[in-house]
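Examination of the molecular architecture
Letter by letter, the chains look like this.
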Amino acid sequence: MREFISVEEARRIILEQISTLSVERIPLAEAQGRRLAEAIVSRDNIPPFPNAAMDGYAVRLADVQQVPAALRVIADVGAGQLPPETVPPGSCIRIMTGAPVPAWAEAVVPVEWTELGSDGTVRILQVPTASANIRPPGQDVRAGERFFEAGQRITPPAVAMLATLGVAEVPVYRQPRVAIVTTGDELIDASQPLTPGHIRDSAGPGLSAQARWVGAEVMLQRRVPDDRGLIEQALEQALEADVLVFSGGVSVGLYDLVRQVLDARGTQWLFWKVRQRPGKPMAFGLLEGKPVFGLPGNPVSSAICFDQYVAPALRRMQGQQEVLRPRFSAILEAPTPKKAGLHFFTRGVARPGADGRLYVRDTGPQGSNLYHSMVRANSLIHLPEALEEAPAGLEVQIEWLPWTIEP
Ligand code: AMP
Ligand code: MG
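A quick note: this is a predicted structure, and the numbers were derived from the prediction, not measured.

1. Thoughts on the overall build of the protein
Scanning the protein from terminus to terminus reveals seven helices and 27 strands. Once the C-alpha set of the protein is aligned to its principal axes, its extents read approximately 95 × 50 × 40 Å. Put simply, the protein has 407 residues, and 48% of those count as buried. By sequence separation, contacts in the protein at least 24 residues apart represent 69% of the contacts at least 6 residues apart. A total of about 19,100 Å² of accessible surface is found on the protein, and carbon and sulfur atoms cover 52% of it. Between the mean site of the 40 positive side-chain charges and the mean site of the 45 negative ones, the protein shows a separation of 4 Å.

See below:
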């Protein structure tokens, strides 16, 4: 087992162990937010047939060379109706947006260029160009075109497009099932009144929420005291999941039993401790081939470790290729604590300045027990290991927290 490794090594070791889950087909109505497991090739031309781009009159060009031209209106064709296949010279059809344009028609004259007569004729006032206001078949997508690649996220516009392409059952990667086990004798439920020596379990609900945020299914969220037997029991339940996340009990305290229980059950640890703050005592291993994360109990540490390590793994399992968020340069508005030797994930508030650049400051005291530092943040400031201090004016790299912008 590697010990006290860099953030980059930790991420590499984790992602090396992670591959996409199996493929399932789900109804389009449930596919939003998932990732395509296969490329999607269009069977059809989109649009499938030539159709009118405007309400107006479908005409032959020869009939409208001299304007005004009076043409006989021999049919009204709305979207969803079929136009007459032939019409005599000097006549036209009234056509609505989206209605099929017949083969004989060479342009659609918009209604604004016409005057309707009382005798079943229409006066065309301007000469249209060839193909004017006719949407050709395949203008958007050609039959046989590969429109989506595997791994693409199914956004709301993608949902509309999949419907257009007739993909009612969507091939997606299965959602990872995650088990979250929080440990600590001091922990009580959110519904319980505070009693001496106790605090409410925040990591359980918080980590579950983070797991759901990245599209995973929380199969189990369980809180257990620092009791070997109960941790063992929770572990057996957790092994039903694809990913096991423990919070608390991974450090070197007298009651830090999680590592011991996982050891005894045969976990192959790949690393313990990362050169980072918060979250130094984090551990990662494999048990029955499944990734096991031992996160520190402090709520900010567990949230950051989840965000930086567990979430990328969950994204990869669902088919996302680029699992790390983009980073942006920002200017530190005020000095923030830093020491060399640890990568700091400082919680920040970033905002664009009048000069178009991003500015960022920390959220105040950064203790890993201080919720406010996390809750008030919209971003994480990366202060790399080698950096000795972080004075005002320093250019830093930030990433937006996932919930800063809606999913
Ligand atoms: P541990 O990692 O178990 O040593 O816990 C470190 C600190 O985090 C202690 O102050 C714990 O009380 C606190 N803590 C542990 N687990 C949780 C949790 N699930 N929710 C809130 N605080 C926790
Ligand atoms: Mg503990």
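2. Looking at the packing of aromatic side chains
With the rule as written, the count across this model stands at four aromatic pairs. Ring centres of phenylalanine 147 and phenylalanine 148 lie 4.9 Å apart, and the angle between their planes is 80°; on these two criteria the pair is classed as edge-to-face. A residue is classified by how much of its surface remains accessible, and phenylalanine 147, at 29% relative accessible area, is partly exposed. Through successive ring pairs, a cluster of aromatic residues spans Phe271, Phe284 and Phe293. Residue placement shows arginine 259 over the ring face of tryptophan 272; its charged tip is 3.6 Å from the ring centre. Taking the ring centre of tryptophan 272 as reference, the NZ or CZ of lysine 273 above it sits at 4.6 Å.

3. Here we look at the domain arrangement of the protein
Annotation of the protein at the domain level lists domain 1 (2-22 + 174-317), domain 2 (23-44 + 153-173), domain 3 (51-135) and domain 4 (328-405). If you look at the interface, domain 1 gives six residues, while domain 2 gives five residues. Around 440 Å² of area is buried between domain 1 and domain 2 when both sides are counted, 53% of it from carbon and sulfur atoms. On the domain 1 side of the interface with domain 2, the three residues burying the most area are Ser22, Arg174 and Gln175, jointly 70% of the side's total. Here domain 1 is connected to domain 2 by zero salt bridges. At the junction of domain 1 with domain 2, the criterion picks out one residue pair in polar contact (both at pLDDT 80 or more). When its residues are assigned to classes, the side of domain 1 that touches domain 2 shows two nonpolar, three polar and one charged.

4. Quick notes on the site of ligand 1
Neighbouring ligand 1 are 17 residues; Glu186, Asp201, Ser202, Gly249 and Gly297 lie closest to it. One of the backbone N or O atoms of serine 202 is found 3.0 Å from a nitrogen atom in ligand 1. In isolation ligand 1 offers 480 Å² of accessible surface; the protein chains occlude 76% of this area. Put simply, the parts of the chain that give the shell around ligand 1 at least two residues each are strand E14 (177-183) and strand E16 (199-200). In terms of residue class, the shell around ligand 1 is made up of six nonpolar, seven polar and four charged.

5. Observations concerning the sheet that holds strand E5 (residues 56-59)
To summarise the sheet geometry, strands pair through backbone hydrogen bonds and adopt either a parallel or an antiparallel arrangement. Taking strand neighbours across the sheet as the criterion, the six strands line up as E8-E5-E7-E6-E10-E9 in an open arrangement whose pairing is mixed. If you trace the sheet from one side to the other, it starts and ends with strand E8 (107-110) and strand E9 (114-116), each paired once. For this sheet, the mean angle separating the axes of adjacent strands, direction not counted, is 40°. With three bridges connecting them, E9 and strand E10 (residues 121-124) associate as antiparallel partners.

Cut-offs applied
- Note on numbering: residues in each chain are counted from 1, in written sequence order.
- The lettering of chains begins at A and the numbering of ligands begins at 1, in the order of writing.
- Per-residue local features are limited, in this predicted model, to residues with pLDDT of at least 70; the limit for side-chain atom pairs, both in listing and counting, is 80 or more; totals at the level of whole chains, interfaces and linings are taken over all residues.
- In computing side-chain values, all of the structure's heavy atoms are included and hydrogens and water are not.
- Only DSSP runs of H or I reaching four residues or more are called helices, and only runs of E reaching two or more are called strands; each is numbered from the N terminus.
- Exposure categories follow from relative accessible area, calculated using a 1.4 Å probe and restricted to protein chains: below 20% of the type maximum is buried, above 50% is exposed, and the middle band is partly exposed.
- What makes two residues a contact is simply this: any of their non-hydrogen atoms within 4.5 Å.
- Areas reported as accessible are Shrake-Rupley estimates using a 1.4 Å probe. Residue values count occlusion only from the protein chains shown.
- In this charge count, Lys and Arg are treated as positive and Asp and Glu as negative; neither His nor the chain ends contribute.
- To locate a charge, take atom NZ for lysine, CZ for arginine, CG for aspartate or CD for glutamate.
- Two rings from Phe, Tyr or Trp (for Trp, the six-membered ring) form a pair when their centres are within 6.5 Å of each other. A pair whose planes differ by under 30 degrees is stacked, one over 60 is edge-to-face, and the rest are tilted.
- Whether a charge sits over a ring comes down to the Lys NZ or Arg CZ being within 6 Å of the ring centre and within 35 degrees of the ring normal.
- Domain segmentation is taken from an automatic or database assignment of domains.
- Put simply, buried area is how much 1.4 Å-probe accessible surface two parts lose in total, over both of them, once they are put together.
- Salt-bridge detection follows one rule: a side-chain nitrogen of Lys or Arg within 4 Å of a carboxyl oxygen of Asp or Glu.
- Two N or O atoms form a polar contact when they lie within 3.5 Å of each other; inside protein one atom must be a possible hydrogen donor and the other a possible acceptor, and for residues adjacent in sequence the pair counts only when both atoms belong to side chains.
- Ten residues, namely Ala, Val, Leu, Ile, Met, Phe, Trp, Tyr, Cys and Pro, are considered nonpolar, four, namely Asp, Glu, Lys and Arg, are considered charged, and the remaining ones, Gly among them, are considered polar.
- Think of it this way: one heavy atom of a residue within 4 Å of a molecule or strand is enough to make that residue near it.
- When DSSP finds two or more bridges between two strands, those strands count as paired.
- Axis geometry follows a simple rule: fit a line to the C-alpha atoms, using only the stretch in contact for helices, then measure angles between N-to-C directions, giving values from 0 to 180 degrees.

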